[in-house]
Amino acid sequence: MSEPLKIAVAGLGTVGAGLVRLISERSEDLEIRAGRAIEITAVSARDRTAERGIDIAPYAWHDDPLHLAVLDDIDVVVELIGGSDGIAKTLTEAAFENGKHVVTANKALVAHHGLGLAHKAEAAGVSFSYEAAVAGGIPIIKSLREGLAGNSLHRVYGILNGTCNYILTAMSEQGREFEDVLAECQKLGYAEADPSFDIDGIDAAHKLAILASVAFGGEVNFDAVHVEGIRHISPMDMQFAEELGYRIKLLGIASIRADGLEQRVHPCMVPVDTPIAHVSGSLNAVVADGDFVGTIVQEGPGAGAGPTASAVAADIIDIARGLRVPTFGVPAGQLKAIAPVPMQRHTGAYYIRLMVVDKPGVLADITAVLRDHAVSMESVLQRTRDPGEPVPVVMTVHEAEEASMTGALEEIAAIGAIVETPRMIRIESL
Ligand code: HSE
């Protein structure tokens, strides 16, 4: 057998502790699978004495995570600190400078700095691996980069944030309010330290930008992702979605069009008979469309100690086996700068909910605005009213350009009888 692969772990939170447990509990199997022993040698975290449910006594302790990058007996630095900049980035760059491979679960780091870091890893002749950064336990990076390498992919999309999916599922199945379910999610530990990363769609956008790069061989372009979260989704919209034959999901969708790359994260109404409509709770799912393979769907846990440690371990095993694949599937210098398609050029169908004062002529005013913006109505629903209370008017419209739809909604919002900001949710036929 070859020399053991020696690892340093920076960050001993939920994922770090899960990784330590996995490597110590499964050391014999890992050695057989990798062809050499995998040993944790050194660790670093904020607090040496914190209770983690693991024994860290066998490992050399370093207060400063940057020390891990310069240790002679380390082959791989596992970065589980998090954050797009600061210590995580400094440590990763220092590890490359010292000829060490880096494995990370840090989606923000890869989404913001993936291209530059891929160049640095290549120049140093080491791996930069991040399976755990996207969809937790689902091996989607390996699937896209290796399993589907023979295909030209034209679309990749999915449920990329477990917290949002948990909230939307509970709102839909139990009729609960957004804030109430968010509090439960935080107790369960799914949510990011700053939950706005989850509920405002940023976490899903990080993951989508990475997926798009690997799927289409393009430079990671997080800034080009159109991002909307789920704060404005109400139980009323959930009920109307159900009546219309849809479920509401926060999707990340990246697709290649004739004019470039569209990347968007926002709540979507998806037909109830599609697989993605049935991905519930904190699960994630990713769908990829390729020219030879057709459509593949993968579903599984997207967060948590076990699933994320499983993905980190897979990257470590690849390194131990000597498997080297370019960071984003093609050499960094050959990643394409694909033109981003602005959201205003998106075309699709829409659901609109308006709260209106129920009086003669209101519907005529609304439909006149839609006509003026060349938006064609598909259906309209109006609920009975409690005397004096505004009533919901729900419309679905046929495929229209986003620019027309947003223009129409701005004008509709200015009609005197409309009492709340109009709600718009895009309908995805998938
Ligand atoms: N906060 C993330 C989620 C976990 O809810 O999916 C891992 O990215």
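Scroll up for the structure.
Okay, so let's go over this structure. What you see is a predicted model, and the numbers here were worked out from it, not measured in a lab.

Turning to the overall build of the protein chain, a few remarks are in order. The helix and strand inventory of the protein chain stands at 13 helices and 16 strands. At 24 Å, the protein chain has a C-alpha radius of gyration in line with the 22 Å of a compact globule built from 430 residues. In terms of overall dimensions, the protein chain has a C-alpha envelope of 80 × 45 × 35 Å along the principal axes. In the protein chain, the proportion of contacts linking residues at least 24 apart, taken out of those at least 6 apart, comes to 74%. Both charge centroids of the protein chain, one from 34 positive and one from 58 negative side chains, sit 1 Å from each other.

The next point concerns the packing of helix H1 (residues 14-25) against helix H11 (residues 305-321). In contact at an axis separation of 8 Å, H1 and H11 are set at 60° when each is read in the N-to-C sense. One finds that H1 runs oblique with respect to H11. When you trace H1 past H11, the crossing you get is right-handed. Of H11, the residues touching H1 (which contributes Thr14, Val15, Gly18, Leu19, Leu22 and Ile23) are Ala305, Thr308, Ala309, Ser310, Val312, Ala313 and Ile316. Considered class by class, the residues forming the contact of H1 with H11 number 9 nonpolar, 4 polar and no charged.

Its location among the elements puts glutamate 28 in helix H2 (residues 27-34). Residues glutamate 28 and leucine 363, 335 residues apart in the sequence, show an inter-C-alpha distance of 70 Å.

The rules behind these values
- Going along each chain's sequence as written, the residues are numbered from 1 onward.
- Residues qualify for local features only when their pLDDT is at least 70, as the model is predicted, and side-chain atom pairs are given and counted only at 80 or more; totals for whole chains, interfaces and linings, by contrast, use all residues.
- Side-chain measures were taken over the full set of non-hydrogen atoms in the model, leaving aside hydrogen atoms and water.
- Helical segments are the DSSP runs of H or I of at least four residues, strand segments are the runs of E of at least two, and each set is numbered from the N terminus.
- Between the two quantities, the radius of gyration covers C-alpha atoms and the globule rule is 2.2 Å times the number of residues to the power 0.38.
- Residue contacts are defined here by distance: any two heavy atoms, one from each residue, within 4.5 Å place the two residues in contact.
- Positive charges are assigned to Lys and Arg, negative charges to Asp and Glu, while His and the chain termini are left out of the count.
- Lysine's charge is taken at NZ, arginine's at CZ, aspartate's at CG and glutamate's at CD.
- Between N-to-C directions, angles cover 0 to 180 degrees, with each direction set by a line fitted to C-alpha atoms, over the stretch in contact for helices.
- Comment on the angle field: the value is read as roughly parallel under 35 degrees, roughly antiparallel over 145, roughly perpendicular from 65 to 115, and oblique elsewhere.
- Helix crossings fall into two classes, left-handed where the near helix is turned counterclockwise from the far one by less than a right angle and right-handed where it is turned clockwise.
- Put simply, Ala, Val, Leu, Ile, Met, Phe, Trp, Tyr, Cys and Pro go in the nonpolar bin, Asp, Glu, Lys and Arg in the charged bin, and everything else, Gly too, in the polar bin.

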